[in-house]
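As a plain string of letters, each chain reads:
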Amino acid sequence: MVLFENVSKIYGKSNVKAVDDLTLELRPGEIYGFLGPNGAGKTTTIKMLTGILPFESGRITVFGRDVVTDAVAAKREIGYVTDSGVMYEKLSGREFVDFMADVYGVSVAERRQRCDELLAAFNLASAFDSRIETYSHGMKQKIAIIGALVHAPRVLVLDEPMVGLDPQSARELKEIMRRHADAGNVVFFSTHVLDTAEKICDRVGIITGGRLVMSGSLDEIKAAKGDESLEDIFLSVAGTGTEV
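Residues numbered from 1 in each chain as written. Predicted model: local features only at pLDDT ≥ 70, side-chain atom pairs only at ≥ 80, totals over all residues. Heavy atoms only, no water.

Student: Go over the pairing of strand β1 (residues 2-10) with me, naming the residues and quoting the values.
Tutor: Summarising the sheet, β1 and strand β2 (residues 17-26) pair through six bridges and their orientation is antiparallel. Of the residues in β2, the one forming a bridge with F4 is L24. What sits between the antiparallel neighbours β1 and β2 is a turn of six residues, in which G12 has the positive phi angle 55°. Sheet analysis places β1 next to strand β4 (residues 57-62), joined by five bridges and oriented antiparallel. Pairing of E5 across the sheet is with R59, part of β4. (Pairing = 2+ DSSP bridges. Helix = DSSP H or I, 4+ residues; strand = E, 2+ residues; numbered from the N terminus.)

Next comes the structure, spelled out in structure tokens:
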């Protein structure tokens, strides 16, 4: 499982906490949707989990491995797809995925099997040996997802993963996320697409102003708010801002 224990993050000399005393448990076998307006702290939370950003207080563990004191071991458990779309565009898709597989020590046989399955699912096999710079935005998103899954991580972290995907690929990604969770892994993803969250998530959390204001199954959250729709609940508790 993934545990955030009283985690706080402050940028620079500001007194404003981008993430404020976050305590959250992500359980094996579940898809957890992380919801919030721009500036709520979603991306900051993800970057702390993946080791990109330090944090001032608290503790984050990934299947018992501390992301600060046992960083390499923790990162080996994580597959991460960023929302920025930044990639090594002079590489081909195959070279990029092989690079990711090498980083995680995946054997040639294992990577080929996983790649074949994912390339077929995303209809990307014909472009696998083309340079990434020739890919459309959606194709880049697909190859990033394949790279994140090639080492079969126990924690799959996705920041706005549906952006740029065509409907068929978005559907396939949802199915991949479900299969990954059903195999006893954790899927943690941020999204603004409330309909997607409502359909595929086992639990969701809503963060606003750096604080987690609601967390639970959809039934639990709806019951707590008087059986409103997820959209109504989100709009009633979330504000607006600029993503951090």
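That shown, we press on.
Student: Run through the nonpolar core, naming residues and quoting values.
Tutor: Formed by 49 residues in total, the largest nonpolar core has its most connected members in L35, V97, I143, I146 and M177. The element that contributes the greatest number of residues to this core is helix α5 (residues 137-149), accounting for six residues. Counting contributing residues, this core receives three or more from each of domain 1 (1-77 + 155-244) and domain 2 (87-152). Discounting chain neighbours no more than four positions away, the residues touching I146 are V97, C115, L118, L119, F122 and L124. In terms of nonpolar packing, the next biggest core, distinct from the first, is built from 26 residues, F34, I46, V67 and F188 among them. (Core = buried A, V, L, I, M, F, W, Y, C linked by side-chain atoms within 4.5 Å. Buried < 20%, exposed > 50% of the residue type's maximum accessible area, 1.4 Å probe, protein only. Domains from an automatic or database assignment. Contact = heavy atoms within 4.5 Å.)

Student: Describe the sheet that holds strand β6 (residues 78-81), naming the residues involved and giving the relevant values.
Tutor: A sheet is described by the order of its strands in space; here six strands give the open sequence β6-β7-β8-β3-β9-β10, paired in mixed fashion. At either end of the open sheet lies a strand with only one pairing partner, and these are β6 and β10 (211-216). The average undirected angle you get between the axes of adjacent strands in this sheet is 15°. The pairing of strand β3 (residues 30-35) with strand β9 (residues 203-208) spans four bridges and is classified as parallel. Following the sheet pairing, L35 is matched in β9 by I206. Where helix α6 (residues 167-182) meets the sheet, it contacts β3, β7 (155-159) and β8 (186-190), and its direction lies at approximately 140° from that of β8. (Axes fitted to C-alpha atoms, helices over the stretch in contact; angles between N-to-C directions.)

Student: Which residues make up the pairing of β4, and what are the values?
Tutor: As paired strands, β4 and strand β5 (residues 65-66) are joined by two bridges and run antiparallel to one another. Across the sheet, the residue bridging to V62 is R65, located in β5. The turn linking β4 back onto β5 is made up of two residues, and F63 within it adopts a positive phi angle of 50°.

Student: Provide a residue-level description of the layout of surface pockets, including the pertinent values.
Tutor: Roughly 560 Å³ of volume is contained in the largest pocket. Around the largest pocket sit 22 residues that line it, and Y80, T82, F96, M100 and Y104 are the ones nearest its centre. Looking at the lining of the largest pocket, the elements that each hand over two or more residues are β6, α3 (93-103) and α5. Its residues assigned to classes, the lining of the largest pocket comprises 14 nonpolar, seven polar and one charged. Residue-level mapping places the lining of the largest pocket at the junction of two domains, with at least three residues from each of domain 1 (1-77 + 155-244) and domain 2 (87-152). What the second largest pocket holds in volume is close to 290 Å³. Lining the second largest pocket, in full, are R114, E117, L118, A121, L149, A152, I176, R179, H180 and A183. (1 Å grid on protein atoms, 1.4 Å probe; cavity = no way out; pocket = protein on both sides within 12 Å on 5 of 7 lines; lining within 4 Å. Points joined across faces, edges and corners; volume = space filled by probe spheres on them. Nonpolar A, V, L, I, M, F, W, Y, C, P; charged D, E, K, R; others polar.)

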